[in-house]
Number of protein chains: 2
Amino acid sequence: MSAAGAFSLDQLMELAGLACAQTLATVYGKDKYPRVLVCCGPGNQGGDGLVAARHLGMFGYQPTIWMPKPGSKDIYKRLHSQCANMHIPTLDNSLDAMRDALSSHDVILDAIFGFSFKPPVRSPFDTALPLLSESSLPIVSVDIPSGWDVERGNAEGVGLEPDVLISLTAPKEGVKAFTGRHFLGGRFVPKTLEEKFQLNLPPYPGFDQIVELPRVSGSQKL
Amino acid sequence: MSAAGAFSLDQLMELAGLACAQTLATVYGKDKYPRVLVCCGPGNQGGDGLVAARHLGMFGYQPTIWMPKPGSKDIYKRLHSQCANMHIPTLDNSLDAMRDALSSHDVILDAIFGFSFKPPVRSPFDTALPLLSESSLPIVSVDIPSGWDVERGNAEGVGLEPDVLISLTAPKEGVKAFTGRHFLGGRFVPKTLEEKFQLNLPPYPGFDQIVELPRVSGSQKL
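What counts, and at which threshold
Residues numbered from 1 in each chain as written. Chains lettered and ligands numbered in written order. Predicted model: local features only at pLDDT ≥ 70, side-chain atom pairs only at ≥ 80, totals over all residues. Heavy atoms only, no water. Helix = DSSP H or I, 4+ residues; strand = E, 2+ residues; numbered from the N terminus. Rg over C-alpha atoms; globule rule 2.2 N^0.38 Å. Buried < 20%, exposed > 50% of the residue type's maximum accessible area, 1.4 Å probe, protein only. Contact = heavy atoms within 4.5 Å. Areas by Shrake-Rupley, 256 points an atom, 1.4 Å probe, with all protein chains shown as cover. Lys, Arg positive; Asp, Glu negative; His and termini not counted. Charge placed at Lys NZ, Arg CZ, Asp CG, Glu CD. Phe/Tyr/Trp six-rings, centres within 6.5 Å; stacked < 30°, edge-to-face > 60°. Pairing = 2+ DSSP bridges. Axes fitted to C-alpha atoms, helices over the stretch in contact; angles between N-to-C directions. Buried area = accessible area lost by both parts, 1.4 Å probe. Salt bridge = Lys/Arg side-chain N within 4 Å of Asp/Glu carboxyl O. Nonpolar A, V, L, I, M, F, W, Y, C, P; charged D, E, K, R; others polar. Arc of directions from axis to C-beta. 1 Å grid on protein atoms, 1.4 Å probe; cavity = no way out; pocket = protein on both sides within 12 Å on 5 of 7 lines; lining within 4 Å. Points joined across faces, edges and corners; volume = space filled by probe spheres on them. Core = buried A, V, L, I, M, F, W, Y, C linked by side-chain atoms within 4.5 Å. Least-squares fit on C-alpha atoms with pLDDT ≥ 70 in both.

Per an unreviewed UniProt entry, the recorded name for chain A is YjeF N-terminal domain-like protein, and the organism is Artomyces pyxidatus.

## Details of the overall build of chain A
Helix and strand counts for chain A come out as six helices and seven strands. Each helix and strand of chain A, ordered N terminal to C terminal, gives the series α-β-α-β-α-α-β-α-β-β-β-α-β. Taken over C-alpha atoms, the radius of gyration comes to 16 Å for chain A, in line with the 17 Å a tight globule of 222 residues would show. If you line up chain A on its principal axes, its C-alpha atoms span 45 × 40 × 35 Å. Residues counted as buried form 59% of the 222 residues belonging to chain A. Of the contacts made within chain A by residues no fewer than 6 positions apart, 72% connect residues no fewer than 24 positions apart. When the accessible surface of chain A is split by element, carbon and sulfur atoms take 51% of a total near 9300 Å². When the 20 basic and 23 acidic side-chain charges of chain A are each reduced to a single mean position, those positions are 3 Å apart.

## Observations regarding the packing of aromatic side chains
In the structure shown here, the tally under the stated rule is 14 aromatic pairs over all chains. Judged by centre distance (6.0 Å) and plane angle (45°), the rings of Phe7 of chain A and Phe188 of chain A are tilted. Note that Phe7 of chain A is positioned in the segment before α1 (9–27) and Phe188 of chain A in the loop between β6 (181–185) and α6 (191–196), a separation of 181 residues in sequence. Residue Phe188 of chain A is classed as buried on the basis of its relative accessible area of 5%. Geometrically, the ring pair formed by Trp66 of chain B and Phe125 of chain B is edge-to-face, given 6.1 Å between the ring centres and 70° between the ring planes. Remark: Phe125 of chain B occurs in helix α5 (residues 125–134) and Trp66 of chain B occurs in strand β2 (residues 62–66); sequence separation between them is 59 residues.

## Considering the sheet that holds strand β1 (residues 35–40) of chain B
Strands in a sheet are paired, the pairing made by backbone hydrogen bonds, and the direction either parallel or antiparallel. Residue and element names in this part refer to chain B. In spatial order, the strands read β2-β1-β3-β4-β5-β6-β7; together these seven strands make up an open sheet with mixed pairing. Across the chains shown, the open sheet's two edge strands, defined by having one partner strand only, are β2 and β7 (210–212). Between one strand axis and the next, the sheet turns by 20° as a mean value, whatever way the strands run. Sheet analysis places strand β5 (residues 164–168) next to strand β6 (residues 181–185), joined by five bridges and oriented parallel. Within β6, the residue paired with Ser167 across the bridge is Leu184. Sheet strands in contact with helix α1 (residues 9–27) are β1, β3 (107–111), β4 (139–142), β5, β6 and β7, and its direction is about 155° off that of β5.

## Side note on the interface of chain B and chain A
Taken together, the contacts link 31 residues of chain B with 31 residues of chain A. Of all residues in chain B, the largest losses of buried area upon contact with chain A belong to Gln11, Met58 and Phe207 of chain B, amounting jointly to 23% of the total for that side. Counting across the interface, chain B meets chain A through zero salt bridges. Only α1, α2 (44–59) and α3 (74–85) of chain B provide two or more residues apiece to the side of chain B that touches chain A. Looking at the side of chain B that touches chain A element by element, the count peaks at eight residues for α1 of chain B. For the side of chain B that touches chain A, the residue count by class is 13 nonpolar, 13 polar and five charged.

## Let's talk about α5 of chain B
Along α5 of chain B, the residues classified as buried are Phe125, Ala128, Leu129, Leu131 and Leu132 of chain B. Buried residues in α5 of chain B, looked at end-on, bunch into an arc of 165°, giving them a common side.

## Regarding the sheet that holds strand β4 (residues 139–142) of chain A
Residues and elements named next belong to chain A. Taken together, the seven strands give an open sheet; going across it, the order is β2-β1-β3-β4-β5-β6-β7, and neighbouring strands pair in mixed fashion. The sheet is open, and its two edges are formed by β2 (62–66) and β7 (210–212), each paired on a single side. Neighbour-to-neighbour, the strand axes of the sheet open up by a mean angle of 20°, direction not taken into account.

## As for the pairing of strand β5 (residues 164–168) of chain A
The side chains of a regular strand alternate, residue by residue, between the two faces of the sheet. Residues and elements named next belong to chain A. Of all the five residues making up β5, five are buried; the element is thus mostly covered by neighbouring parts of the structure. Because side chains alternate across β5, one face comprises the buried residues Val164, Ile166 and Leu168, and the other comprises Leu165 and Ser167, equally buried. Sheet topology note: the β4/β5 ladder contains three bridges and is parallel. The partner of Val140 across the bridge, within β5, is Val164.

## What about empty space enclosed by the protein?
Taken as a whole and judged by the stated rule, the model has one cavity of 30 Å³ or more. Estimates place the volume of the largest cavity at around 50 Å³. Of the residues that constitute the lining of the largest cavity, the class distribution is five nonpolar, three polar and three charged.

## Re the pattern of salt bridges
Inspection of the entire model under this criterion finds 22 salt bridges over all chains. A salt bridge links Asp143 of chain A to Lys172 of chain A; the shortest N-O distance between them is 2.8 Å. Taken as a pair, Asp143 of chain A in the loop between β4 and β5 and Lys172 of chain A in the loop between β5 and β6 lie far apart in primary sequence, 29 residues in all. The burial state of Asp143 of chain A is the same as that of Lys172 of chain A; both residues are buried. The partner of Arg78 of chain B in a salt bridge is Asp74 of chain B, and the shortest N-O contact between them spans 3.1 Å. Pair noted here: Arg78 of chain B and Asp74 of chain B are both in helix α3, with a separation of four residues, about one helical turn. Overall, Arg78 of chain B belongs to the partly exposed group, its relative accessible area being 21%.

## Quick look at the nonpolar core
Within the largest apolar cluster, 88 residues are counted, with the highest numbers of intra-cluster contacts made by Leu24 of chain A together with Leu24 of chain B. The contact partners of Leu24 of chain B, leaving out residues within four places of it in the chain, are Val36, Leu56, Tyr61, Val107, Leu109 and Val140 of chain B.

## Examining the relation of the copies chain B and chain A
For the match of chain B to chain A, the screw axis carries a shift of 0.0 Å, the RMSD comes to 0.0 Å, and the turn is 180°. What the superposition gives is, in effect, a two-fold axis relating one chain to the other. Counting the interface residues of chain B, we find that 100% of their copies in chain A are interface residues as well, pointing to one common contact surface.

Right, dumping it as structure tokens:
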């Protein structure tokens, strides 16, 4: 990210993952939706998911991780260890394990693919995305719904259609027509960069780390 | 910290500094107290202060940093660069600069010494602490008021007497008789460690990163 400046990935991922966990907790309270299936991809998106899983555990949720293709970066291993130290379980890598988990969870956190996703969807995610879509569980997607193009959205029709989206740092072009509940997180973009890139971000209230964006009606395009 | 597990300093400091900034913002609103003098020591405490300064900037405050003896760890340089990138000014290292700043600021964030402080107070902090004490500005201290002993508190009488304290991960023995407003932050201690060390931490509300502790009356000792 060009806005990273002197930030480390550890810092950015911590704030991003915290915002993801807070968004899920805002919409799906832990009394009715305690069991969160956190689906993590192989890239930074998956790292955000691991951080979110840990914070959800701190908030009193019962998260379970499915991360069939863990990325090789050291940071993912550390983030995963932090979850293991908190006794957050990780499913085995199989699709069967994930399929079974769908029937014993209340909400899905989709941290599979991010804004740099390019088709085709590779195995096992080519099978996983339809399974998630066909489940009756609500889905919260991180930054951009998995399978969407950063500019063209779900034009290919292979992506998830989540109920809730948490955009990180700024909403991407491809999600401007997203009609579900839409939050913004990643409150670390300096004002100078916001102005330079004309991001026109909404003000965050007080010291909150997330802000809900105005909802787009079904027929309206921004 | 023994509770660090697989955590990196970047992560812990980010969450700690965020909690410090949120505590200050809870007590001293930015409309009445916009100008925050963030006084940073040479150790990890100073790092927490730098993170807090950045978040205060994001919240709309006008922080100024005084850090006369910057630590040599790379992380402090990075955290300082992040503040500079946000145009948060740093005073020159002199006591005069700090003395002048006291008259143009509304509240002090004390991130000078932490729980590993051992007397004597060395220069320039031996002069700085009395200057801060004598100013009429409210003081928010990070983890333990500067100059206090982690077990015996301000028994030596050389420490600050802040209005507000934000304990990190768990209140230290020496601050149990602190009578000001007292918050807890650093919401990253796994339940298993909390039980192992019998920390008896109060529950954080919802997904908040800070919780206010019951106030100790002046005559009462815990």
